[in-house]
Structure formats: C-alpha cells, structure tokens
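Structure at a glance
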Amino acid sequence: MKFSELNLKPEILRALDKKGYTELTPIQEQTFPHVLAGRDLIALAQTGSGKTAACAIPVVQSVDPSSKEVQALILVPTRELALQYVDEIAWIAKETGVSAFAVYGGFSMDIQKSKLAHGVQALVATPGRLIDLLYNSPLRLADVRYFVLDEADEMLNQGFLPDIEFVFSCMVHEHHTMLFSATMPEEIKQLSQRYLKNPVMIELIAE
Ligand code: AMP
C-alpha cells in the first residue's frame, strides 16, 4: 500500500514523499487502518520494522497545532528512543506546525519545564521524568487523546508499571492507545485488559 492512498494531511504526504517513503512497511500497513479509525491497538513488533513512523504519522495527523496542550504522549524506556521519536515527528510534522519535545532523566528539569510552558503538542517521555514533571510542574495530561507505549515489556522490566498506571489515571480525555512490545508477558496482557478498549492485536512475524 502507498502513503498516497491514505487520507493524510497534504503536509504529511509531502514530507513523506521528500524523505522517499512511498510504500508502507508491513507494520504500518497493519496498524494504520485501525489507528486512523480510532481503534486501540497492541502490536508485537521489533525495532527496525518501521514502528517509529507507524506511531509518529498518526500522531502528527491527529493533533491540533492551534492548541498548545499536550495531545499526544509517547512513553518509551530510554532517552535514545525518545530522541529517535522526536526526530521522526519533527521531519514528518515540518510543514504542519505540530511541535514535539522529549523529556527524560539526566537532563535539566528547568529547561524541560520552560520548553513545555511554550506549548508542546506531542510529548515523548521516559516514565520517571514524566512523573517528576507531573508532580513538579504545571504539565497536565488532561487533553491527551493519543497515547503510545513503546517497548512496553522493557518499561515493565525496569519497574515502571506503577508509573504507567499513574499516567493512565491522569488521562481524562477520551483517548486512543497504541501499545508496542517485543514480547507479551502476563503483566502486559493485564495492563491491556485494564486500560485498553477492545484492542486489535497485531503480531508481526520477524522475517
Ligand atoms: P524503526 O523500526 O522505526 O526504527 O525504522 C527502521 C528504519 O526504516 C528507519 O531507518 C526508518 O527511517 C525506515 N522506514 C520506516 N518506515 C519506512 C517507509 N515506509 N519507507 C521507507 N523507510 C521506512
């Protein structure tokens, strides 16, 4: 399937075309129709499958650049992955006016707070720093309508389950959730049953 067949904002289609993305990768092909239709989703997927763009494109498509509130939240286990998402969102969103920013531990909270105060629509975060900011800054997640958990199994391995549950409890606006994981331990099944609404399950077999 080609990106041009999807009903995406023309600014996004132009950015994809410029980057040389024409055909969807298998994970994008399997996730997009559900995500763009507003279904919650669980995907078993590895890195290298194109999952960053599979999340980033619907994020850019769905947020409203005229509002300064955080509308999309992407939770990841590491700083490296957070920066990868921000880079991907930045080039996809270049012409749309959507702004993305990453918050993670080991970096000045004051700088992160002042950036957030200027308005960020797509926030990428590691769980510990996000919780710090929720307690110690005006950051609120009440307008989040699009929530991505990437490498969910890795976040659980690092002991972030209580933080993730707290984040779910902060999102009061109706939202769609996309959960990516390389494995599907019992804790992730239980998390999904508690917080996702009738999710589509996608399993990508590694080639
Ligand atoms: P990821 O799994 O998100 O780390 O992506 C793996 C690589 O695939 C990255 O180098 C992306 O830039 C590239 N990629 C993702 N989606 C596409 C696409 N539809 N067409 C071409 N390259 C892509």
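All of the points below concern the structure found in this document. (Residues numbered from 1 in each chain as written. Predicted model: local features only at pLDDT ≥ 70, side-chain atom pairs only at ≥ 80, totals over all residues. Heavy atoms only, no water.)

Things to note about the sheet that holds strand S6 (residues 176-181)
Strand order across the open sheet formed by 7 strands is S3-S4-S2-S5-S6-S1-S7, with parallel pairing between neighbours. Each edge of the open sheet carries a strand with a single partner, namely strand S3 (100-103) and strand S7 (200-203). When strand polarity is set aside, the average angle formed by the axes of neighbouring strands in this sheet is 15 degrees. Pairing between strand S1 (residues 41-44) and S7: 4 bridges, direction parallel. Residue pairing in the sheet places Leu41 in a bridge with Val200 of S7. (Pairing = 2+ DSSP bridges. Helix = DSSP H or I, 4+ residues; strand = E, 2+ residues; numbered from the N terminus. Axes fitted to C-alpha atoms, helices over the stretch in contact; angles between N-to-C directions.)

Considerations on the environment of Leu6
In this structure, Leu6 sits in the segment before helix H1 (10-19). Sequence separation between Leu6 and Leu36 is 30 residues, and the spatial gap between their C-alpha atoms is 9.4 Å. Apart from the residues within four sequence positions on either side, Leu6 is in contact with Met1, Leu13, Leu24, Phe32 and Leu36. (Contact = heavy atoms within 4.5 Å.)

A word on the site of the ligand
Near the ligand, the surroundings consist of Phe3, Tyr21, Glu23, Thr25, Gln28, Thr47, Gly48, Ser49, Gly50, Lys51, Thr52 and Gln84. The contact in question runs from an oxygen atom of the ligand to an N or O atom on the backbone of Gly50, over 2.7 Å. The fraction of the free accessible surface of the ligand (500 Å²) that becomes covered by protein chains is 67%. Looking at the shell around the ligand, its residues break down into 2 nonpolar, 8 polar and 2 charged. (Near = heavy atom within 4 Å. Polar contact = N/O pair within 3.5 Å; in protein donor to acceptor, adjacent residues only side chain to side chain. Areas by Shrake-Rupley, 256 points an atom, 1.4 Å probe, with all protein chains shown as cover. Nonpolar A, V, L, I, M, F, W, Y, C, P; charged D, E, K, R; others polar.)

Thoughts on the nonpolar core
Generally speaking, soluble globular proteins have nonpolar side chains that are buried together. Counting 44 residues, the largest nonpolar core has Ile57, Ile89 and Val124 as its most contacted members. Val70, Leu116, Val120 and Leu179 belong to the second-largest nonpolar core, a separate cluster that totals 34 residues. (Core = buried A, V, L, I, M, F, W, Y, C linked by side-chain atoms within 4.5 Å. Buried < 20%, exposed > 50% of the residue type's maximum accessible area, 1.4 Å probe, protein only.)

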